[in-house]
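# Fold and contact review
Residue strings, one per chain:
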Amino acid sequence: MLTVALSALRTRWVSFAGSFVALALGVGLLATMGLGLASTVGAPEQPPRRFAASPVVVAGTDTVTVDGAGPKKLDRPHPVDPGLLRDLQALGAVTADGTPDAVGIDAPAAAVRKTVGDRARVLTGADRRQADPEAERDAEALTTANALLGTAGGVTAFVSVFVVASTFAFAVALRAREFGLLRTTGATPGQIRRLLLTEAAGVGVLASAAGCALGVWGAPRLAEVLVRGDAAPPWFAIGDGIVWPYWTAFSTGLLVALCGAWAASLRAGRIGPMAALRESDVDSGVLTPVRRIAGCALLLTGAGLLVWTLATDPSGLLKRKTYTTQPMVLITAVALLAPLLVRPLARALPLPGATGLLVRENTAAALRRTAAVAAPVLVTVGLAGSLLGTAETVTAARAAEARRQTSAHLVVTGEELRPLRVAGATVSASASTAVFVREDGAALIRSDARAVPDPAAFARVARLPVVAGDPRDLDDSSIIVNEEWERHTVGERVTVRLGDGRPASLRIAAVLATGTGDNGAYITAANATAAPIDRIDVRLGSGADPAAVREALRASGGEVRSADSWAAATHPRTSARTRLGLLVVLGIAVLYTVIALGNTLLMATAVRSREFGSLRAAGATRAQILRVVAGESLLAVGIGALLGAAVTAVNLAGLGAALASLSAPVTVTVPWGTAGAAVGVCAVVAVAAALLPAWAATRR
């Protein structure tokens, strides 16, 4: 059996080329993503910069813990107490840089710890970097890179399994006559299955080895792309001596090859000698009962998850993990049921003329070929529409929500603004802060908040999505919360920790709708004394001169913009990091689709010489045959695009329903440009891959 399998690999290398390339690419991407993930988790410690010359750094407390729950990052670190600073100066030379949150000291660490006690943090060695302002930004960037690589790795695994399995299945269908001859000469179903699995193992080993070599080349370049895209710190690089991603990628590639061939081998093993000879000419029995059941089960699962999430946690549909994974269930379900959908979709399109009739009927009759072409297009369009559409819809909803929640005509932003009064205008200043509340009896939850010095002016400028209470009742002993809080009844008291860690018991003055998740809490400036003003909303009165008001606002030290310009600048359609991650994922899907389309159509068209000869004998010209082949390819791509659009419509409709239930603006955005470009690439590749062998087959 091994000899037969090796002979098949040598003689049918064209049929295995697509599977080999798809597997090698998948293993290479998995190895690359794995190396990137390992490098983000085990990133080398960076040397301290701010107090590099000081052996010990004393930094203010930057976390809050409540009865063992936490710790959570405070709004900003506490300053080093002046009394503590005097005690430190008695131990040795103290280095300060004008920022009160940390100082360096040249003294023994043990003596410093004894003096400091629990009044601040004592940092030594590599921990001194915690006092650097860029340390938190670098940690956030590493988290972003980790999430991006994890998502890309998951999509790579999904698409590679999808493409390899469909490629093996189609290749087996084209070899039905060969299997029939083997069965005629005495081969058993078990031997047929072992033959296919042996071939798959050979392809898997070679492709996985090539993929690992590709990972060695690609990982450093991936790190450069992440750094250039601000998705990783400037110093990020692939670590040395990391081995486990290669073993993981190699074993995954081999497993994918065997699993893809196993499903096809079951079908091949059930073919009898006479049935094989008939099936080589008649395309029937494509949608097996197992495939039908699996497709329906996945379709019900995807729809059920969507409905369940809408009913229990609509905000979950706005989260990246949900809108990245949920479309894959529906895509797989529709792909499994594609042979059931191809025929009615193909015949529903009114293509004119004899050529159009032939294109439509050939497409409807060749279910395997059409489904094999439509499936990867479905994956690309479904992922492009669902991922980019959801991300852009959520960001657009957040921008509209932010704009809707203020009636200001002008907005001033800056790091430390100076509050002022402007004649003929209502001025409401506010500061970014946070509050911490313990929920479920254990978890300490951080909620972003804004602190307002003048609640009356704030109530005149704000248009909050209030579901209960009145924002005008906000005072130093109260708080405005949203419906996500465990306690959200007007008049009820809630115990919180303020942004600086102080405990406070505040009465709920008003409750806001959940919205897109940006509807945080509101408190007065008395409960956020250390938070600097970073935003000023200004509403012009009747008769006020806008130019004069703008000129007066420049004295605050910030940037003055119209409310619309502020919303567009602070709530962009999609952040650069998010778009980079989505484009990486879509690039992987498009690349796999190109491989699948090229391989499928090269194999399928190459075996149609007899069909083309019959058409020539019936009077068809070579140009007419080529037009039919191109039309069939375009129609199959169009069917895949329609199915992908259907998956996108379901996902975006669910997202729109979630936004409506959260009282958020429903601004569904469809990425027509990206999806159209993906379909265009698929169409060009499909037509080229079909015309090349057709042109060669019709020369005679």
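Worth saying up front: this structure is predicted, and the values here are computed from it rather than measured. The written sequence of each chain sets the order in which its residues are numbered from 1. Local features are withheld for residues below a pLDDT of 70 in this predicted model, meaning they are given only at 70 or higher, and side-chain atom pairs are given and counted only at 80 or more; totals for whole chains, interfaces and linings count all residues. Side-chain metrics rest on all non-hydrogen atoms present in the structure, leaving aside hydrogens and water.

### With respect to the overall build of the protein chain
Selection criterion: What counts as a helix is a DSSP run of H or I of at least four residues, what counts as a strand is a run of E of at least two, and both are numbered from the N terminus. Buried, partly exposed and exposed residues are distinguished by accessible area as a fraction of the type maximum, computed with a 1.4 Å probe on protein chains only: under 20%, between the cut-offs, and over 50%, respectively. Should any heavy atoms of two residues lie within 4.5 Å, those residues are counted as being in contact. Residue exposure ignores everything except the shown protein chains as possible cover, and the areas themselves are Shrake-Rupley values with a 1.4 Å probe. Charged residues are defined here as Lys and Arg on the positive side and Asp and Glu on the negative side; His and the ends of the chain fall outside this count. By convention, the charge on Lys lies at NZ, on Arg at CZ, on Asp at CG and on Glu at CD.
Counting its secondary structure elements, the protein chain contains 21 helices and 16 strands. Structurally, the protein chain occupies a C-alpha span of about 95 × 65 × 45 Å along its principal axes. For the protein chain, the proportion of its 700 residues judged to be buried stands at 49%. A fraction of 80% describes how many contacts in the protein chain between residues 6 or more apart in sequence connect residues 24 or more apart. Accessible surface, the protein chain: about 31,000 Å² in total, of which carbon and sulfur atoms supply 61%. Here the protein chain holds 66 positive side-chain charges and 52 negative ones, and the gap between their average locations is 13 Å.

### Remarks on empty space enclosed by the protein
Stated formally: The method works on a 1 Å grid over the protein atoms by themselves. A cavity is a set of points holding a 1.4 Å probe that cannot get out, a pocket is an open set with protein on both sides within 12 Å along at least five of seven lines, and residues with an atom within 4 Å of a point line them. Grid points are joined across faces, edges and corners, and a volume is the space filled by probe spheres set on the points. In this classification, the charged set is Asp, Glu, Lys and Arg, the nonpolar set is Ala, Val, Leu, Ile, Met, Phe, Trp, Tyr, Cys and Pro, and all remaining amino acids, among them Gly, are polar.
On inspection of all chains with the given rule, the structure shows 4 cavities of 30 Å³ or more. Taken together, Leu306, Leu317, Thr322, Tyr323, Gln326, Pro327, Ser386, Thr390, Asn651, Gly654 and Leu655 make up the lining of the largest cavity. Ranked by residue count, the leading element in the lining of the largest cavity is helix α11 (residues 320–336), at 4 residues. A class-by-class count of the residues in the lining of the largest cavity yields 5 nonpolar, 6 polar and no charged. In this model, the second largest cavity occupies a volume close to 70 Å³.

### Considerations on the nonpolar core
Which entries qualify depends on this criterion: Among buried residues, those of type Ala, Val, Leu, Ile, Met, Phe, Trp, Tyr and Cys that are joined through side-chain atoms within 4.5 Å constitute a nonpolar core.
If you look at the biggest cluster of nonpolar residues, it comprises 71 residues, and the most contacted ones within it are Val159, Leu226, Leu383 and Tyr592. Sorting elements by how many residues they give to this core places helix α5 (residues 133–174) first, with 12 residues. Leaving out residues up to four positions away in the same chain, Leu226 has contacts with Ala145, Leu148, Leu149, Ala231, Ala232 and Phe236. Core analysis: the second largest hydrophobic core is formed by 21 residues, Val373, Leu601, Val637 and Cys682 among them.

### Here's the deal with the pairing of strand β12 (residues 493–497)
Rules: We call two strands paired when DSSP finds no fewer than two bridges between them.
Alternating residues of β12 divide into Val494 and Val496, all buried, and Arg493, Thr495 and Arg497, none buried. As judged from the 5 bridges shared by β12 and strand β13 (residues 503–512), these two strands associate in the antiparallel manner. Paired with Arg493 across the strands is Arg507, a residue of β13. Between β12 and β13, which pair antiparallel and follow one another directly, the connecting turn spans 5 residues, one of which, Gly501, has a positive phi of 95 degrees.

### Overview of helix α21 (residues 672–697)
What counts here: By definition here, a helix of n residues has an expected span of 1.5 Å times n minus one.
Between its terminal C-alpha atoms α21 stretches 37 Å, which fits the 38 Å expected from 26 residues at 1.5 Å a residue. For α21, the complete set of buried residues consists of Ala675, Ala678, Cys682, Ala683, Val685, Ala686, Val687, Ala689, Ala690, Pro693, Ala694 and Ala697.

### Describing the side chain of Asp62
Rules: Think of a polar contact as two N or O atoms within 3.5 Å of one another; within protein, one of them needs to be a possible hydrogen donor and the other a possible acceptor, and neighboring residues in sequence only count if both atoms come from side chains.
Following the sequence through the fold, Asp62 ends up in the loop between β1 (56–59) and β2 (63–66). A polar side-chain atom of Asp62 sits 3.4 Å from a polar atom in the side chain of Arg121. Once residues within four sequence positions are removed from consideration, Asp62 is found in contact with Lys72, Lys73, Leu74, Pro77 and Arg121.

### A short note on the packing of aromatic side chains
Heads up, the condition is: Here a Phe, Tyr or Trp ring, Trp counted by its six-membered ring, pairs with any other such ring whose centre lies within 6.5 Å, and the pair is stacked when the planes are under 30 degrees apart, edge-to-face when over 60, and tilted otherwise.
One pass over the full model with this rule turns up 1 aromatic pair. Arranged with centres 5.1 Å apart and planes meeting at 35 degrees, the rings of Phe458 and Tyr522 form a pair that is tilted. Linking Phe458 in helix α15 (residues 455–461) with Tyr522 in strand β14 (residues 521–524), this pair joins segments that are 64 residues apart in sequence. Residue class for Phe458 comes out buried when judged on its relative accessible area of 8%. Among the residues examined, Tyr522 registers a relative accessible area of 11% and is labelled buried.

### So, the pairing of strand β8 (residues 425–439)
Taking burial as the measure, the 15 residues of β8 include 12 buried ones, the bulk of the element. Bridging between β8 and strand β15 (residues 533–540) involves 7 bridges; their strand directions are antiparallel. Bridge pairing in β15 links Ala429 to Ile536. Where β8 and strand β9 (residues 443–452) come together, 9 bridges link them in antiparallel fashion. The residue bridging Thr433 from the neighbouring strand is Ala449, located in β9. Taken together, the 2 bridges between β8 and β12 define a ladder with antiparallel strand orientation. From the neighbouring strand, Val437 faces β12, where its bridge partner is Val496.

### Focus on unusual backbone geometry
Leave glycine aside and you will find that most residues have negative phi; peptide bonds, for their part, are mostly trans. One non-glycine residue with positive phi stands out, namely Ser663, at about 60 degrees. With respect to the helices and strands, the residue Ser663 is situated in the loop between α20 (622–661) and α21.

### Topic: the packing of helix α12 (residues 338–348) against helix α13 (residues 353–365)
Heads up, the rule is: To get an axis, a line is fitted to the C-alpha atoms, and for a helix only the part in contact is used. The angle between two axes follows their N-to-C directions and goes from 0 to 180 degrees. Orientation labels follow simple angle bins: below 35 degrees gives roughly parallel, above 145 gives roughly antiparallel, 65 to 115 gives roughly perpendicular, and whatever is left gives oblique.
The geometry of α12 relative to α13 is characterised by a closest axis approach of 8 Å and an angle of 175 degrees between their N-to-C directions. On the basis of the axis angle, α12 is roughly antiparallel to α13. Side by side, α12 and α13 meet where Val342, Arg343, Ala346 and Arg347 of the first sit next to Arg360, Glu361, Thr363, Ala364 and Ala365 of the second. Looking at the contact of α12 with α13, its residues break down into 4 nonpolar, 1 polar and 4 charged.

### Focus on a nonpolar patch on the surface
The following threshold applies: To count toward a patch, a residue needs a relative accessible area above 30% and no salt bridge. Like charges then connect within 9 Å, nonpolar side chains (Val, Leu, Ile, Met, Phe, Trp, Tyr) within 5 Å. A pairing counts as a salt bridge when a side-chain nitrogen of Lys or Arg comes within 4 Å of a carboxyl oxygen of Asp or Glu.
Taken together, the side chains of Val666, Val668, Val670 and Trp672 make up a nonpolar region of the molecular surface, amounting to roughly 390 Å² of accessible area. Mapped onto the fold, Val670 is located in the loop between α20 and α21.

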